[in-house]
Each structure stands twice: as structure tokens, then as C-alpha cells.
Amino acid sequence: MSLKCGIVGLPNVGKSTLFNCISSGKAQAANFPFCTIEPNVGSTNVPDDRLLELDKLVHSKRVVPATVEIVDIAGLVKGASKGEGLGNQFLGNIRETDAILHILRCFDDDNIVHVDGSVNPVRDKEIIDLELQLKDLETVESRLQKLSKMAKSGGDKNAKRACDILERYRAVLLEGKSARTVVLDNPEDEKIAREFFLLTNKPVLYVCNVDETSASTGNRYVDMVREAVKDENAEILVIAAKIESEIAELDSYEERQMFLQEIGLEKSGVERLIQSAYNLLNLRTYFTAGEMEVKAWTINKGDKAPKAAGVIHSDFEKGFIRAEVISYEDYIHYGSEAACRAAGKLSIEGKDYVVQDGDVMHFLFNV
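Note that this is a predicted model, so its numbers are computed, not measured.

What counts as what
- Residues numbered from 1 in each chain as written.
- Predicted model: local features only at pLDDT ≥ 70, side-chain atom pairs only at ≥ 80, totals over all residues.
- Heavy atoms only, no water.
- Helix = DSSP H or I, 4+ residues; strand = E, 2+ residues; numbered from the N terminus.
- Buried < 20%, exposed > 50% of the residue type's maximum accessible area, 1.4 Å probe, protein only.
- Contact = heavy atoms within 4.5 Å.
- Disulfide = S-S within 2.5 Å.
- Salt bridge = Lys/Arg side-chain N within 4 Å of Asp/Glu carboxyl O.
- Arc of directions from axis to C-beta.
- Polar contact = N/O pair within 3.5 Å; in protein donor to acceptor, adjacent residues only side chain to side chain.

Turning next to the environment of Leu-265. Its place among the elements puts Leu-265 in the loop between helix H9 (253-262) and helix H10 (269-280). On the basis of relative accessibility, which here comes to 14%, the residue Leu-265 falls in the buried class. Setting aside anything within four residues of it in sequence, one finds Leu-265 in contact with Ala-215, Ser-216, Leu-260 and Arg-272.

By definition, a disulfide links the sulfur atoms of two cysteines through a covalent bond. Under the criterion given, the structure shown has zero disulfides. Between Cys-106, a cysteine without a disulfide, and Cys-208, which holds the nearest cysteine sulfur, the sulfur-to-sulfur distance is 3.9 Å.

Glancing now at the pattern of salt bridges. Applying the stated criterion to the full structure yields 18 salt bridges. Between Asp-124 and Arg-123 there is a salt bridge whose closest N-O contact spans 3.1 Å. The exposure class of Asp-124 is buried, given its relative accessible area of 2%. Using a relative accessible area of 21% as the deciding quantity, one classes Arg-123 as partly exposed. Among the charged side chains, a salt-bridge network with shared partners connects Asp-48, Arg-50 and Asp-357.

Looking only at helix H6 (residues 187-194), the buried set comprises Asp-189, Ile-192 and Ala-193. Seen end-on, H6 carries its buried residues on one side only, within an arc spanning 100°. Exposed and oriented more than 90 degrees from the buried face of H6 are Pro-187 and Arg-194. Tucked inside the fold, the buried residues of H6 contact helix H5 (159-174). Two or three places before Glu-188, at the start of H6, stands the capping residue Asn-186, its side-chain oxygen 3.1 Å from that residue's backbone nitrogen.

Listed below in C-alpha cells is the structure:
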């Protein structure tokens with residue numbers, strides 16, 4: 001399953017610095033607008049201690065974690081929806097992502113210029129929100145113009161339904177709200193809506209980039225952001241990108257943990273960010289555990305066993321017969337698949353089984 005999160009924000013808010021910390025790529029980070037032009041892409045592991053615990057029992061030849069693709073996209077400015085700065089290119093890059101990590105500058109530093117001359121994360125957020133909303137409004141009106149003709153002619157039975165959804169989006173966008181504030185009535189409407197690829201319909205995580213002294217407590221800028229997004233049902237993460245870049249340079253796990261303890265954190269901001277991004281996309285993990293490898297597989301919440309099997313190979317889904325399932329907790333408690341089987345903790349599940357986060361699974365199929 002290919003998953004992609006886009007890091008967005010105004011120029012010089014710390015996007016590329018953060019990208020370098022969490023990905024295998026090395027984006028240029030410098031103190032001038034549009035330092036990033038082409039999107040930088042990197043793949044990063046999803047931290048999951050359960051993999052290592054399973055490997056201690058299985059002693060496999062390799063451990064394979066789940067991954068998320070992170071895209072560092074060029075900074076946005078006012079007028080991007082009309083092509084200002086790198087507008088159309090920027091917005092096109094966002095359209096290709098599954099979720100948005102919106103970086104907001106929440107620190108003072110006279111040595112780092114701000115594109116609008118002063119630090120105000122709420123204003124910065126509103127600039128990007130407005131540009132995305134304007135672009136979505138353009139998309140909605142264009143689609144409405146096309147689909148309304150089809151709805152009148154009766155040539156497409158879903159055209160009227162799509163028009164009704166688009167009208168709902170148009171109404172909220174004209175109010176200065178994002179498309180994600182529209183709650184659709186059923187899964188079929190949600191499926192239709194996904195085909196519009198609206199920018200403001202993507203889930204968003206607001207990442208407040210703070211100075212070192214605010215890494216564990218936040219600051220007045222973070223409080224401003226919390227107040228501004230309180231009605232959005234959005235998650236906020238506080239992170240100090242400059243510190244994270246220093247942590248990333250440390251060689252050993254022990255050194256990194258000592259550094260974190262000194263600044264009052266249990267986990268690095270990068271680890272919290274990756275896990276939050278994973279949850280933002282409403283994803284879950286199941287495991288396969290054998291002599292060759294212990295591997296994490298990514299699925300959507302609510303996926304049933306055949307679809308989960310298809311993540312490994314399409315043939316597994318097509319020829320699905322049944323799945324052998326052990327919960328992660330039982331596997332750790334009893335220490336092996338054989339012990340779980342003997343204790344009656346291995347269940348045989350069919351096509352209607354909803355896979356649970358942490359399930360250790362083995363699929364039987366026939367093609």
C-alpha cells in the first residue's frame with residue numbers, strides 16, 4: 001500500500017529541515033523563499049516496538065517495518081491559487097498526497113526571515129487554507145458545469161448525485177471553510193467525493209515548529225493555533241525541528257534517549273510525527289512472522305481478511321480460503337505460534353473477519 005503525506009507551509013517555516021530529519025532524503029534547507037522548488041520525496045519507517053518484540057521470539061532473518069512516503073513541497077504564498085510564486089505546481093503536488101502535514105512557524109528568530117515580515121502562525125495557516133479553498137472552489141465549479149449537463153440529459157445516472165455533493169462542497173467553500181467539514185451521508189457518497197480530489201478534503205495534522213525551550217511545553221504561538229483550530233477536529237503536534245536535526249545526527253539510540261531526557265521528552269518529535277501521520281490516514285498494522293522475516297503490513301481500519309491478504313499479493317485476495325489469526329498480546333504471552341495453537345489462541349477466520357491492529361496472520365489461498 002503506497003501512502004504519501006505532504007509537508008506544506010509558507011516559505012522558511014522549517015519544512016525541509018523537518019523532512020531531512022524524518023526521511024532518507026536530504027533536502028536543501030536555506031534562509032530564502034522557494035529554497036525548495038521540486039518536491040523532495042523520502043520514505044521513512046513507521047516506528048513500532050511490536051516488530052522487535054516479535055523478532056525476539058521468532059529470530060527471523062530480517063525485520064521489515066511499515067513505511068510512509070513523505071513529500072517536502074515548495075512553500076506557498078498569497079495568490080498561489082492564481083499561479084503566484086510556484087502556485088499551480090505547489091497545488092498539483094499536494095493533490096497527489098493522501099494527507100497534509102501543515103507546518104506552522106511558532107518561534108522567534110531574527111536571523112530567519114519570514115515571508116510576511118512577522119511571526120503569526122494563525123495568519124500563516126489562513127493564507128494556505130484560503131489558497132487551497134480557492135483552488136477547490138475552482139475545481140468544484142468546473143466539475144459542476146460539466147456534470148450538470150450530464151444530469152439534465154440523463155446520460156449518467158450518478159451525475160445528479162455527484163452534483164448534489166458538489167453543491168454542498170461549493171456552499172462551505174464560499175463560507176471560507178474546508179471541504180473536509182462536509183459530512184457525507186453514506187460510503188457511496190464518500191466514494192464519489194474521493195474522485196474530485198479536493199485539496200481541503202484531505203486529513204490534516206498541524207505541526208507547530210517551536211524553539212528548543214518550548215519543545216516539551218509549547219508556547220503562546222502554539223496556544224494561538226490551538227484556539228484557531230479548536231472546531232476543526234484536527235490534531236496538533238508540537239515539535240522543534242532544529243533539535244530534531246541535532247538528534248538525527250547522534251549515532252546511538254542511547255545518546256538520543258539521553259538527549260530527549262534532558263529536554264523533557266519521552267519520544268522524539270520525529271517518531272511522534274510519523275506515528276501521528278500513520279494514524280491520521282486511519283491506518284492499521286498486521287504482522288506476518290516466520291523464519292525468513294517479521295513484517296508489518298499496512299491496511300485501512302475496517303479492512304476484512306481477504307483485502308488484508310491482497311496487500312501481500314493480489315492472488316492472496318483472489319484465492320482467499322481462510323486466515324489463521326493470533327493476537328499480538330497472545331503471541332507475546334505464549335511465546336510462539338505452536339504454543340498459541342496448543343492453548344487455543346489461534347483462531348480460524350473467514351472472509352468476513354475484520355482484521356484488528358496487531359493481528360499476527362497466516363493466509364491460506366488457492367488460485
